[in-house]
Each structure stands twice: as structure tokens, then as C-alpha cells.
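Spelled out, the chains give:
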Amino acid sequence: MGKRQVIKFVVALGFIVLIFSCATTEKIIEISVSKNGSEAKPGELQFVTFKEAIDQAVNLRKKTSDAEVVITVAPGIYHLQEAIKIPASLSDLTIKGSDAEEVIITGGKELQLKWQKYDENIFVAEVNDDLKFDQFLVNQEPQVLARYPNYNEEARYWQGYAEDAVSKERLASWEHPKGAYFHALHSGRWGGFHYEISGVDDNGSPVLKGGQQNNRASKPHKEFRMVENVFEELDSAGEWFFDAKKKKLFYWPTSDIELSTATFEVSVLDDLVKVVGTLEEPVTNVRISGITFKNTQRTFMKDYEPLLRSDWMIYRGASLFFENTENCTVENSVFTNLGGNVIMASKYNKGLTVSGNHIYNCGASAISFIGDPSAVRSPSFNYSEFVAMAEMDTVPGPKNEFYPRECLVENNLIHRIGRLEKQTAGVQIAMAMNITVRHNSIYDVPRAGINIGDGTWGGHILEYNDVFNTVLETSDHGSFNSWGRDRFWLPNRKEMDSLTTARPDMWKWDAVHTTIIRNNRFRCDHGWDIDLDDGSSNYHIYNNLLLNNGLKLREGFHRVAKNNIMVNNSLHPHVWFVNSEDVFKHNIVGGAYQDVRLEGWGKELDYNLFPNEVTMLKSQIYNRDLHSAYGDPMFKKPENLDFSVLPESPALKIGFENFPMDKFGVQKPNLKEIAKTPEVPKLEKPQGVGNDSSPVVQWLRNGLKSVDSQEEQSAYGLKTAEGVIVLNVWNQSPAVKDNGLKQGDVILSANGKKVKEVKDFFKLTSEYSAEETLDLVIMRDQEEQKITIRTK
């Protein structure tokens, strides 16, 4: 055998000890970091900082450039004075803790405080250091920055919201409004805005600085608002406020806190580890494991940049930041109470693995893959922007190498992230290629669990994830959410129809590889289970269990959805192109398709199982689903979240195949043991099968049902028990806008032809599908009226 030179490098107080041994031809530099030296041999190791260890490793690497460096971290809490910086010269580096429960790296600074009574409830202490911080921890537990309204975990938005958060009257009650933070949702609840109050104008209104966090600007939401960092709002136990000018910290301790023995810490760093190389010399083979990372500053007021034309802006930074790296790993670690993004792969990253981690109670996104816009051909950066076709680069694929690719996110438990920033996700992917997201449990998040911001450049595989309890504080998203808005996409629909008809292959320029979504379990109670939004193209979606709100496919190309189960819901096809080439086959759906403004019905919709005949008929009148069937799917054990079907199920006759129901989510034993699972949906009885009442069917997202009883005839003032009742309406539906349909209307005729039931109405809408309007006779408030509605 050959020989290996092992250099054991130990940093003690004031001197270095080197120990050599022989094994093979490879070299390993071993460095120990310990708070007390208890893990070292006598005389070899005493207290040491990460900075000293890294600096000495860099120096020694200059002499042994091909050696592997292993830094072993003994139990203890390590307060960093600056982020650990790992350059390309420290490639082949391992930083491993003995156990994540015992090894803590924090961006906080310990404070020794002498508390004095300020009033009956509040204590005050001098802070001697010149510090700026926005997180305060007592006994390692974060406290609440003084706010209005008070923190309430049960409140859906901001953990407590109030319309008058920055009203003139409230501002007038504050002695020093300057420095307060104002947080509000987007007016459409598409994310959040964050501001610092820099003063008060002559009218008593706040002067705001900020609001740069959303790529589709709007006014702050009128109701869902919160303000913090105001002394006068320090009015409940657990709240604190720091007067930076006077260097005084005010705190109302909870009843279980003994100030004389408690420990105190404030966050002072934005990031903890920065692994940064160059494209020419990337950092390679860095492995970080077995460590808890916690307590960094919040970053909501940092500089943000748009992620192309998605709704997102993002701060390009994180507690663990990787830029221009290859084959790095973050594993078996814990990330908690981090103020902003947790882990980010920026620009060129190849082969990054994030595995077996627990990420929770953090301010922004958990794991982000963010390429550089310079890699995108003909990029646009706002919803309304686009590049003229005559000026467009039509070469497919990326322009340079500044994007993440071939990375893996596996076996992570992610929950309660986005605690402050609302335009966030458990996994965020933008300007990247071939990212695999597998066996992760993601829940209790304000927006999407997994978000793909654009079609550049596809090839992602999302499989065996368990994503639920999402879209808790935003709106119009899904547990999985994506946009396209690639080169071919334009905000002007008529122009886009013309361009895509002339060049139907334009979607291939950016979405060069198919993104696969398979074998996942999704549940979203406030949006869609899977939401492919504006222009999302080139997706293959199969073997997914959708527990609540179905599958939305907005305009885009070449989406294939097969063998999915949609409990109590269905397919939502929105504004499809004539030549979309979409396919929807062998799926089990719980209701009629909920279509909106379709120019075409895709390449093939067939061999699906519907709950009853009328929901199937809605598709068949458009010459689709001619070989589909209807009936009870006969789920095996839905009360145990097992929605596989029994052998006699009619679903098997139309080509549906069972898929595993026990592989969703994190599989790492210690994380699986504590991970939650989604709420079991209450199965709605298939309507039209043994029910007395006719089924409710969606049309242009409005709920319709046939009149089928004397009671309904009487209630609506009808001459006969015939017609179609409008049970509920969607305000954005073309049939509702411009004084169209209203809830409670009964449709009696369309274009002069009698409507006895929903089947008649569907046949008539099919007959007049080329027209954009329908003339109706309706019963409204027990009087017949004539109205004209739009159907497109």
C-alpha cells in the first residue's frame, strides 16, 4: 500500500501543534475547535475561534495545497464576530459538529445586563457596546419587538394585524415615530411590503422608506398591517425595545423569567457562513454537518432585486451563502431563528446537496437557488415588460454559466419559515436548471411550499414531497407555485395569441428541459394544490395526491398531467392557447373542470374518472373526455390518507394506476418522527349518485345547479321547477363583470332557447362557443330580466 501523510493541526492558546502519521498518499489536515478543550488530548487543545482556525488553515493550505481540511467542532455555543468565509483556496474542507443539538453557531452577541425597574412591569438596562440589533433573546428564546397590535399566534396575518397600525392618531401618541417598522401585505395579498418610518409629514402621516420587496408594486393593504419597534407599544409580557441613542434596553419579562439568572443575547450578524469563489476558480467539496445555526439579523430592509418577471424580489444573501461552488454539502444540521433567507445557492453552483436538515422559525425563504440575470437571453424584469420580437435573442438555453444546476434538496423538514417576509418559499428556484427536490416535508408557510419563478431552464424533478398548510398569509398561489413569463410571454393576450400561433415552438427557447412533478402530496386550503401560473410550460405532472384544491394550468405549452388524484376538486384550465398541446389523462377528479376563458381545450383530455355524469358531460360537450367514466373511485383508506383505489374501482378501467401512499415527505427517522402530516380531507359524497339534490357544477368559476324541487321553485319565484341557479359567483369571471350574473340568479333561457337544467345550458354554451356574449333571460329578485353576459 502507498502512504498517506496525515497532518493533525491543533490550535491552542498561543501556539500550534502538528502531529504527523502515515497511511496513504493523501493528506488530511485535522483542526479541532472547542470551547474548553475537554475533547482534546491533554496539552493539545484549548479555546479557539473559528476565525483563528480558518486563518491558520488557509496559511497551512499554502504549504499543502492538495490536503483535505477537516474542522471538528466540540459541543458548545460559538458566537461569531464575523461570518465564516471559505474561499476557493479552502476547497476540500469539512466542518462537522459532534451533534447538532450540542454544537451551536450563532450570529448573536451575549450581553451582561444589570436590570433596574422602569415601571410596574418594564425593566431597563444599559447596553455599553455600540450595537444595532433587531432580535433579542432571553435564555436562547427570541422575544417580541414592541409592536401593535400585540403578537397573537392564532391571528392569520402578521400574527396580529390592525387597519390603524400607522394612522395619524396612533402616530401622534408616539414620542419618536422615526425608526419604527411598518409591515403590510400587498393589496392583492401577493406578498408583503416592509418600510421604515423616517419621519412624519405636516399632515401627521408617516414618511416611509422601503417597499422594495415586491416586483408588482401596489399600495399597502388597507387592513392587514402591523407596526413594530415603537416604545409606546411595549405593553405586554415578552416585548422589548432598544433606544439606540440612549443605549437603553427595555424589557417586560414573562412570568417564568428570572432576570438575575437569565442569559441575554442580541443578533448582530446578517450571515454566518459565506462559501464564495469565482467561475474560474470555484470553491469545491465543502461539507458542513452536525451544527445548529441560529440568531441572525432580519434582512427585510436590504437591497432587493427582481427575479425576472415573476412577482418576486429577493435579497441575494442568506445565513449560509454559496456562490460559484461545486459539489458542496449542507447536511444533518438545524437552522432556527434566522432573520432572513437560510441557505442560498447564488449564480454558478453545481452539485450542491442540502440533506437531512431541520429548518424552522426563520424570517424568509429556507432554501433558494438563484441564478444571475446575465445568464438569461432577452430578459425582462417586470410583469408589463417584454422584448420586441425583432430584437429578441432566439437561441435556446442559457447565455453563460452563472446559474445553479444539478443540485439536490433531500430529506429536509421545513416549517414556520417566512415569519416576517411573506414572498418566500420552503424551496425557491429561479434561473436554474436540473434541481431535484425530494422527500421534504414543508408546511406552515405564508406562501408557496415550493416555488419556481420562471421557465429558465427547467429539468427540475420534484418528487415524494409532502407540502401542506401553505398560502397562510397570501393569496392566489398554490402549495406548489410557478410562473413562466419567459421570452415568448407577453402581458397583452391578443398579441401573444398571434405570436404563439405563428411560432408555436417559442416556449422551447427557455423551458429547454421538462420539469417533472411526481409522487408528491399537496394540500392547499387557501389556493390551488398545484398552481402553474402565467406561461408555465413543459411540465410532466403525474402520480400526485392533491387533497383539496386541485390542479391549475394557466396559459402555457406542453403540460402533461396523468394519473393524479384530485380529492373534492378538479382541473382548473385557465386561458389556454389554441395550440397549447396540453394533455390530461387517467386522472381521478372530484368535480367538473373549472375552466376560465379557454381558446382551446388542449391536445387530449380523456380517460378520466368523474364523480357523476353531469360533471363529465361538461367536458364532453366540448368534444373531450369521450372515453372517460364516472362513479365512486372506491378509495381504500382515505381516513388514513391512503387514497389508492380498490381492485373493483372504475378508475382502473380508464387506465389509472395506484401509486405508493407511504413515501411522502421526510424519511430521515429523527425528522420523520416529529414531522406533521396534512389534515385528512372530509370526503364529499359524489353528487348526483343517490343524492336528492342536483350537483353543483363550475362554469367560468361560477357555481351552477339545476332547479330540482318545488321548494326551490317557490324560493326563487319560478313558474315551474326548471332553470339553472347561480349559487355563487367569482367576481373576476367575465360572466359576472359589467353587471352580469349575480348570486341567486336563475337562468331561464339563453339566446332565445329554453334552459331547463345544467345540461341544456352547457349544450347552448357549446353551440355558441364562437361568440363572446350570451343573451339571457334570468329570474332575479322574483322578476324576469334580460341581460347580456360575456363568456370570454
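Once a new chain begins, its residue numbering starts again from 1 and follows that chain's sequence as written. Given that the model is predicted, a residue must reach a pLDDT of at least 70 before its local features are reported, and side-chain atom pairs must reach 80 or more before they are shown or counted; all residues, however, enter totals for whole chains, interfaces and linings. With hydrogens and water set aside, each side-chain value is computed from the structure's full complement of heavy atoms.

Caption draft 1: Representation of the packing of helix α4 (residues 613–620) against helix α7 (residues 758–767) within the structure. Fitted lines through C-alpha atoms give the axes, limited to the stretch in contact for helices. The angle between two N-to-C directions lies from 0 to 180 degrees. Only DSSP runs of H or I reaching four residues or more are called helices, and only runs of E reaching two or more are called strands; each is numbered from the N terminus. At a minimum axis separation of 10 Å, α4 and α7 run at an interaxial angle of 10 degrees. In this view, α4 runs roughly parallel relative to α7, as classed from their interaxial angle. For the pair α4 and α7, contact is made by Glu613, Val614, Leu617 and Lys618 and by Val758, Lys759 and Phe762, respectively. Any residue outside Ala, Val, Leu, Ile, Met, Phe, Trp, Tyr, Cys, Pro, Asp, Glu, Lys and Arg is labelled polar, Gly included; the first ten of those are nonpolar and the last four are charged. Here the residues of the contact of α4 with α7 sort into four nonpolar, no polar and three charged. Note that the term roughly parallel is reserved for angles under 35 degrees, roughly antiparallel for angles over 145, roughly perpendicular for angles of 65 to 115, and oblique for everything else. We call two residues contacting when some pair of their heavy atoms lies within 4.5 Å.

Caption draft 2: Inspection of helix α3 (residues 493–502) at higher detail. Buried, partly exposed and exposed residues are distinguished by accessible area as a fraction of the type maximum, computed with a 1.4 Å probe on protein chains only: under 20%, between the cut-offs, and over 50%, respectively. Regarding α3, the residues found buried are Arg493, Met496, Asp497 and Thr500. All buried residues of α3 lie within an arc of 105 degrees about the axis, which places them on one face of the element. Residues Lys494 and Ala502 are exposed on α3 and point more than 90 degrees away from its buried face. Working note: the arc is built from the helix axis to C-beta atom directions.

Caption draft 3: Examining helix α1 (residues 50–63) more closely. By this rule the span expected of a helix is its residue count minus one, scaled by 1.5 Å. Between its terminal C-alpha atoms α1 stretches 20 Å, which fits the 20 Å expected from 14 residues at 1.5 Å a residue. All buried positions along α1 are accounted for by Phe50, Ala53, Ile54, Ala57, Val58, Leu60 and Arg61.

Caption draft 4: View of the side chain of Gln297. Checked against the element boundaries, Gln297 lands in the loop between β26 (292–294) and β27 (305–306). Residue Gln297 is classed as buried on the basis of its relative accessible area of 11%. Separated by 3.1 Å, the side chain of Gln297 and the backbone nitrogen of Asp134 make a polar contact. When near neighbours in sequence (up to four residues on either side) are disregarded, Gln297 contacts Lys132, Phe133, Asp134, Ser267, Val268, Leu269, Asp270, Gly339 and Gly340. Under this definition, polar contacts are N or O atom pairs within 3.5 Å; protein pairs additionally need one hydrogen-donor-capable and one acceptor-capable atom, and for neighbouring residues in sequence, both atoms have to be side-chain atoms.

Caption draft 5: How the structure looks around empty space enclosed by the protein. Only protein atoms enter the calculation, which uses a 1 Å grid: trapped sets of points that fit a 1.4 Å probe without letting it out are cavities, open sets showing protein on both sides within 12 Å along at least five of seven lines are pockets, and any residue with an atom within 4 Å of a point is a lining residue. Grid points are joined across faces, edges and corners, and a volume is the space filled by probe spheres set on the points. For the coordinates displayed, the defined rule picks out three cavities of 30 Å³ or more. There is about 90 Å³ of room inside the largest cavity. For the largest cavity, the lining is made up of 14 residues, of which Tyr304, Met313, Glu421, Gln423 and Thr424 are closest to its centre. Every element with two or more residues in the lining of the largest cavity is listed here: β17 (192–200) and β28 (313–314). Residue composition of the lining of the largest cavity, by class: five nonpolar, seven polar and two charged. The calculated volume of the second largest cavity comes to roughly 80 Å³. Lining the second largest cavity we find Leu308, Arg309, Val376, Arg377, Ser378, Pro379, Ser380, Thr456, Arg485, Asp486, Arg487 and Asp510. Across the lining of the second largest cavity, the residue classes tally to three nonpolar, three polar and six charged.

Caption draft 6: Summary view of the pairing of strand β51 (residues 559–562). Pairing between two strands is assigned when DSSP locates at least 2 bridges connecting them. In this sheet, β51 lies alongside strand β48 (residues 539–542) in parallel orientation, the contact comprising four bridges. For Tyr539, the partnering residue across the bridge sits in β51 and is Arg559. Sheet topology note: the β51/strand β54 (residues 583–585) ladder contains three bridges and is parallel. By the bridge assignment, Val560 is partnered in β54 with Val583.

Caption draft 7: Summary view of unusual backbone geometry. The peptide bond linking Tyr148 to Pro149 adopts the cis configuration, its omega dihedral lying at -10 degrees. By the element assignment, Pro149 lies in the loop between β15 (147–148) and α2 (168–172). Here the residue pair Thr456 and Trp457 is connected by a cis peptide bond, since its omega of 0 degrees sits within 30 degrees of zero. By the element assignment, Trp457 lies in the loop between β41 (450–452) and β42 (461–463). Of note, the phi angle at Asn337 is positive, near 50 degrees, even though the residue is not glycine. Mapped onto the elements of the fold, Asn337 is located in the loop between β31 (334–336) and β32 (343–350). The residue Met634 is not glycine, and still its phi comes out positive at about 60 degrees.

Caption draft 8: Fine view of the confidence of the model for the chain. The share of residues in the chain with pLDDT of 70 or more is 93%, and the mean pLDDT across the chain is 91. Within the chain, strand β2 (residues 16–22) has the poorest average pLDDT of any element, 37, and strand β37 (residues 413–415) the best, 99. Per-residue confidence from the prediction method is given by pLDDT, with values spanning 0 to 100. Every residue in residues 9–25 scores below 50 in pLDDT, and together they form 53 contacts with partners more than four places removed in sequence or on other chains. Throughout residues 686–692 the model reports pLDDT below 50, and contacts reaching past four residues in sequence, or to other chains, amount to 14 contacts.

Caption draft 9: Summary view of the sheet that holds strand β10 (residues 116–117). If you trace the five strands from one edge of the open sheet to the other, you get β10-β11-β21-β20-β14, paired in mixed fashion. Two strands lie at the open edges of the sheet, namely β10 and β14 (144–145), each paired on one side alone.

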